[in-house]
Amino acid sequence: MITFITRRVLYSVPVILVASFILFWAVRSTFDPLAKLRQAHDPAVIAREIERLGLDRSIPEQYFLWLRSLVLGDWGLSTRTGTPVLPLIGEALWPTLQLAFWGLLVAVLIAGGVSVYSAVRQYSWGDNLLTGASYLGIAMPAFWFGLILIQTFAVWPKEQFGLSEPPLFFIGLQSPGQTGVLDYIRHLILPVAALMIALVASWSRFGRAAMLDALSSDYVRTARAKGVPRRQVIWRHAVRNSLAPFVTVVALDAAILIGGLVVTEQIFAIPGMGRLFLQSLVAGDVYVLLPWMIVVAVAVVICNLIADIAYAVLDPRVRLS
């Protein structure tokens, strides 16, 4: 197992390097770091900045200079705020990781439970109800569902019952000056609910299909023929064998989720990676956009690595191959 993990980690290094070069080339070909400076029409200043930043060199040379600075911790200055990029991304990454962790955890638990229930009770009224709810969740836009949650669980109760503050907060992840767990939970519930609805809807459909496939397999029929108790057949044989494809889908969606929190963070005013990306994109801040995409690319590789390891744990044939 250690050899398998070491080999997969070593495979990840060239993948990150290739991804970082492609992203660097794409960003440098699309955005001009001196776009604002060129508006001043001062050729001397522009020439000095081109020489200082190495923009007169070829793309591969610029890439290696940029990569060296990145590794040494010099991520440049944001053209939007004038502050160092590294702490800017570090501050934005923490709220995003919190939101993504709780959203994924709750979504996995709910989607896993729904998958097992729907597959075991296929075509029952409960299965049909959950199927309809899944289709509704997949079709519902995240921003609209978030606004409905804010109106239903924050704005309406406060106005209807004359409360001094809403039962659930919808701005940020903590009230100013507050560090309590209760305040944190009251801020977390609505954005996590808005985030996980689409995940639960799609994962439960996928998990249901994997469970149905496992339940109709030969080893499950053999276990039933031998008189193995139904509960044991479901949890020891069917659930375990349907976990591998489910884990793969969860890991891939988790990687995409880190970069796709733009809508949720914008609606709930959470200063995370998604909000930072939107602000930097509007301002054309190349020095933030590029490291931002590298962080997301690394997250994608790490999540795929975790999926491969989980897959190998669930199915030993993966390690042998």
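Values in this document were obtained by computation on a predicted structure and should not be read as measured data.

1. Here's the deal with the nonpolar core
Part 1: Formed by 31 residues in total, the largest nonpolar core has its most connected members in Leu99, Trp203 and Leu257.
Part 2: Counting only elements with at least two residues in this core, the list comes to α5 (85–120), α7 (142–161), α8 (181–215) and α10 (230–259).
Part 3: Among the elements that line this core, the one with the most residues is α8, at 11 residues.
Part 4: Residues in contact with Trp203, not counting those within four places in the same chain, are Leu104, Ala107, Val108, Ala111, Ser115, Phe246, Val249, Val250 and Asp253.
Part 5: Ranked by size, the runner-up nonpolar core spans 13 residues in total, among them Val120, Met211, Leu212 and Leu215.

2. Comments concerning the environment of Leu72
Part 1: Considering the arrangement of structural elements, one finds Leu72 in the loop between α4 (59–71) and α5.
Part 2: Separated by 71 residues in sequence, Leu72 and Phe143 place their C-alpha atoms 39 Å apart.

3. Focus: the packing of aromatic side chains
Part 1: This model, assessed by the stated rule, comprises nine aromatic pairs.
Part 2: Ring geometry for Trp156 versus Phe161: centroids 5.8 Å apart, planes at 80°, classification edge-to-face.
Part 3: Considering the side-chain rings of Phe277 and Trp292, the 4.5 Å spacing of their centres and the 35° angle between planes classify their relative orientation as tilted. Residue Phe277 is located in helix α12 (residues 273–283), and its partner Trp292 is located in helix α13 (residues 286–314); the two are separated by 15 residues in the primary sequence.
Part 4: Residue Phe277 is classed as partly exposed on the basis of its relative accessible area of 22%.
Part 5: Among the residues examined, Trp292 registers a relative accessible area of 6% and is labelled buried.
Part 6: Site record: aromatic cluster; members linked through ring pairs are Phe21, Phe24, Tyr63, Phe64 and Trp66.

4. Some details on the environment of Thr152
Part 1: Its place among the elements puts Thr152 in helix α7.
Part 2: What makes Thr152 partly exposed here is its relative accessible area of 37%.
Part 3: When the C-alpha positions of Thr152 and Leu168 are compared, they lie 9.9 Å apart, and in sequence the two are 16 residues distant.

5. Quick look at the packing of α12 against α13
Part 1: Here α12 crosses α13 at 145°, and the two axes come no closer than 9 Å. For α12 against α13, the interelement crossing comes out left-handed. The segment α12 lies against α13, with Met273, Gly274, Leu276, Phe277, Ser280 and Leu281 engaging Val288, Leu289, Trp292 and Val295.
Part 2: When its residues are assigned to classes, the contact of α12 with α13 shows eight nonpolar, two polar and no charged.

6. Digging into the confidence of the model for the protein
Part 1: Residues at a pLDDT of 70 or more form 95% of the protein, whose mean pLDDT is 84.
Part 2: Averaged pLDDT values for the elements of the protein fall to 63 in helix α14 (residues 316–320) and rise to 90 in α5.

7. Description of the packing of α5 against α8
Part 1: Two elements in contact, α5 and α8, have axes whose closest approach is 5 Å; the angle formed by their N-to-C orientations is 35°. Note that α5 runs across α8; the crossing there is right-handed.
Part 2: Classifying every residue of the contact of α5 with α8 by side-chain character gives 25 nonpolar, six polar and one charged.

8. A word on the side chain of Gln98
Part 1: Among the structural elements, Gln98 can be located in helix α5.
Part 2: Under the relative-accessibility criterion, Gln98 is labelled buried at 14%.
Part 3: Excluding residues that lie within four positions of it along the chain, Gln98 makes contacts with Leu173 and Tyr184.

9. Structural notes on the pattern of salt bridges
Part 1: As enumerated under the stated definition, the model contains four salt bridges in all.
Part 2: With a shortest N-O distance of 2.3 Å, Arg8 and Asp308 are connected by a salt bridge. On the criterion of sequence distance, the pair formed by Arg8 in helix α1 (residues 2–30) and Asp308 in helix α13 is long-range, its members being 300 residues apart.
Part 3: For Arg8, a relative accessible area of 19% corresponds to the buried category.
Part 4: Residue class for Asp308 comes out partly exposed when judged on its relative accessible area of 25%.
Part 5: Among the ionic pairs, Glu165 bridges to Arg186, the shortest N-O distance being 3.1 Å. Linking Glu165 in the loop between α7 and α8 with Arg186 in helix α8, this pair joins segments that are 21 residues apart in sequence.

10. Structural notes on unusual backbone geometry
Part 1: For Tyr123, which is not a glycine, the phi torsion comes out positive at approximately 65°.
Part 2: Mapping Tyr123 onto the fold places it in the loop between α5 and α6 (125–139).
Part 3: With relative accessibility at 63%, the residue Tyr123 sits in the exposed group.
Part 4: Of note in this structure, Ala269 is not a glycine but carries a positive phi near 50°.
Part 5: Within the secondary structure, Ala269 sits in the loop between α11 (262–267) and α12.
Part 6: Ala269 gets classed as partly exposed once you look at its relative accessible area, which sits at 24%.

About the thresholds
- Residues numbered from 1 in each chain as written.
- Predicted model: local features only at pLDDT ≥ 70, side-chain atom pairs only at ≥ 80, totals over all residues.
- Heavy atoms only, no water.
- Core = buried A, V, L, I, M, F, W, Y, C linked by side-chain atoms within 4.5 Å.
- Buried < 20%, exposed > 50% of the residue type's maximum accessible area, 1.4 Å probe, protein only.
- Helix = DSSP H or I, 4+ residues; strand = E, 2+ residues; numbered from the N terminus.
- Contact = heavy atoms within 4.5 Å.
- Phe/Tyr/Trp six-rings, centres within 6.5 Å; stacked < 30°, edge-to-face > 60°.
- Axes fitted to C-alpha atoms, helices over the stretch in contact; angles between N-to-C directions.
- Left-handed = near helix turned anticlockwise from the far one by under 90°.
- Nonpolar A, V, L, I, M, F, W, Y, C, P; charged D, E, K, R; others polar.
- pLDDT = per-residue confidence, 0-100.
- Salt bridge = Lys/Arg side-chain N within 4 Å of Asp/Glu carboxyl O.

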